[in-house]
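Residue-level structure breakdown
Here is what each chain is made of, one letter per residue.
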Amino acid sequence: MDWTQHTSRARAWFEELRDHICAEFEAIEREAGSDASFEYTPWNRTEEGNDDPGGGVQGLIKGKVFEKAGVNVSTVRGNFPKEFAASINGADPDNPGFTATGISLVAHMANPHVPAVHMNTRFLTTGKAWFGGGADLNPPIPYAEDTEEFHAAMRAACMAHNPTYYERYRKWADEYFYIPHREVHRGVGGIFYDHLECEDDDGFDRNLAFTQDVGRAFLDIFPKLVRKRMGSDFTAEDEAQQLEYRGRYAEFNLVYDRGTLFGLKTGGNIDAILMSLPPRATWS
């Protein structure tokens, strides 16, 4: 099946979601008395023998509320390195071709009481076609009510499509966003899904609709949590806790995160791939 038009539709949604999220983050900065805005840097991928390898746009804001937030969209196509192809759904060393389009977001916040967050959704084609992604909350100083509100938003997005999704994808997030060498979770969870396969047009429409609702749920809940906490007073001890937590976040992303590995293995833009790393961190 030719998935070209499907990739274009998914890309259009990811770019639309990017625009809404960036506008909302900039609005929050205005409310805090800051004029910080996103800077957008296009990048082009290169691959020997490939006349159309694709690329993307890195969006980055550094402001009063968002110490560092990146919102990236990319659409790339080509061939996996043969040694990497065997690890990808639907690909193998003899059939290493792929297309991938997606949005990736990480926000590290200036106030330790405001949770950091990660969100990523994507559509890939190899010998198969599927969606993946999710969103997870990463507070240096957790608040049970914030955790519940975030999970309630993800739960509602899931339940609108399949009553089994939330528990399955919540558990998957708990298992995935875990730092084995520290024996701790990266944050307070959320949802994570992958290989949500599309066998035909109906399957694509169904899985795109779910992926869109995950994006909309994130766009609704996270700004609410930011606005609730961004004016909170914090101490030097709070900031020290935040910086130590960020060290754990960096460890996960550099050692275990599959998205980081995918970007590096497919010739992605290094700055865009590593935008997930915090601007400051400490290790005790």
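Predicted, not measured: the structure shown is a model, and the values here were computed from it. (Residues numbered from 1 in each chain as written. Predicted model: local features only at pLDDT ≥ 70, side-chain atom pairs only at ≥ 80, totals over all residues. Heavy atoms only, no water.)

Notes on a negative patch on the surface
Let me state the cut-off plainly: Patch criteria: residues need more than 30% relative accessible area and no salt bridge. Like-charged residues are merged within 9 Å; nonpolar side chains of Val, Leu, Ile, Met, Phe, Trp and Tyr are merged within 5 Å. All accessibility values rest on the Shrake-Rupley procedure with a 1.4 Å probe; residue burial counts only the protein chains present in the view. Salt bridge, as used here: a side-chain nitrogen of Lys or Arg that lies within 4 Å of a carboxyl oxygen of Asp or Glu. None of His or the chain ends enter the tally, which takes Lys and Arg as positive and Asp and Glu as negative. In plain terms, the charge of a residue is placed at NZ if it is Lys, CZ if Arg, CG if Asp and CD if Glu. Runs of H or I in DSSP of at least four residues are treated as helices and runs of E of at least two as strands, each being numbered from the N terminus. Three labels apply to residues, based on accessible area from a 1.4 Å probe with only protein chains included: buried if under 20% of the type maximum, exposed if over 50%, partly exposed otherwise in between.
Side chains of Glu199, Asp200, Asp201 and Asp202 sit close together on the surface and give a patch of like negative charge. Inspection of the secondary structure assignment puts Asp202 in helix H5 (residues 201-229). Residue classification places Asp202 among the exposed residues on the basis of a relative accessible area of 56%.

Digging into the packing of aromatic side chains
For the record, the criterion: Two rings from Phe, Tyr or Trp (for Trp, the six-membered ring) form a pair when their centres sit within 6.5 Å of each other. Planes less than 30 degrees apart are called stacked, planes more than 60 degrees apart edge-to-face, and all others tilted.
By the definition in use, this model includes 27 aromatic pairs. A centroid spacing of 4.8 Å and a plane angle of 80° characterise the contact between Tyr176 and Phe177, whose relative ring orientation is edge-to-face. Both rings, one in Phe218 and one in Phe222, keep their centres 5.6 Å apart while their planes meet at 10°; by these two values the pair is stacked. Placement of the pair is Phe218 and Phe222 together in helix H5, with a separation of four residues, close to one helical turn. Per residue, the accessibility class of Phe218 equals that of Phe222, and both read buried.

Some points on the packing of helix H3 (residues 144-159) against H5
Definition in use: To obtain an axis, a line is fitted to C-alpha atoms, over the contacting stretch when the element is a helix, and the angle between two such axes runs from 0 to 180 degrees between their N-to-C directions. Angular relationships are summarised with four words: roughly parallel below 35 degrees, roughly antiparallel beyond 145, roughly perpendicular across 65 to 115, and oblique for the angles in between. Note on convention: near helix rotated counterclockwise from far helix by under a right angle means a left-handed crossing. Clockwise means right-handed. Here, two residues are considered to be in contact whenever any of their heavy atoms come within 4.5 Å of each other. Under the grouping applied here, Gly and all other residues not named as nonpolar or charged are polar, the nonpolar ones being Ala, Val, Leu, Ile, Met, Phe, Trp, Tyr, Cys and Pro and the charged ones Asp, Glu, Lys and Arg.
H5 packs onto H3 with a crossing angle of 160° between their chain directions and a minimal axis gap of 8 Å. By the angle between their directions, the pair H3 and H5 is classed as roughly antiparallel. Where H3 crosses over H5, the handedness of that crossing is right-handed. Side by side, H3 and H5 meet where Glu145, Asp146, Glu149, Phe150, Ala153, Met154, Ala157 and Cys158 of the first sit next to Phe210, Asp213, Val214, Ala217, Phe218, Ile221, Leu225, Lys228 and Arg229 of the second. In terms of residue class, the contact of H3 with H5 is made up of 11 nonpolar, no polar and six charged.

Focus: the environment of Ala156
Of note, Ala156 is situated in helix H3. For Ala156, a relative accessible area of 49% corresponds to the partly exposed category. Taking the C-alpha atoms as reference points, Ala156 and Ala217, 61 residues apart in sequence, are found 8.1 Å from one another.

Brief notes about the nonpolar core
Looking at soluble globular proteins, one finds that nonpolar side chains tend to be buried together. Put simply, the test is: We call a set of buried Ala, Val, Leu, Ile, Met, Phe, Trp, Tyr and Cys residues a nonpolar core when their side-chain atoms join them within 4.5 Å.
Ile21, Phe66, Phe123, Phe131, Phe218 and Phe222 are the most contacted members of the largest nonpolar core, which totals 52 residues. Looking at this core, the element that brings in the most residues is H5, giving 10 residues. Judged by nonpolar contacts, the second largest core, of 13 residues, contains Val76, Phe84, Ala91 and Phe262.

These values are about where atoms sit, not about what they do.
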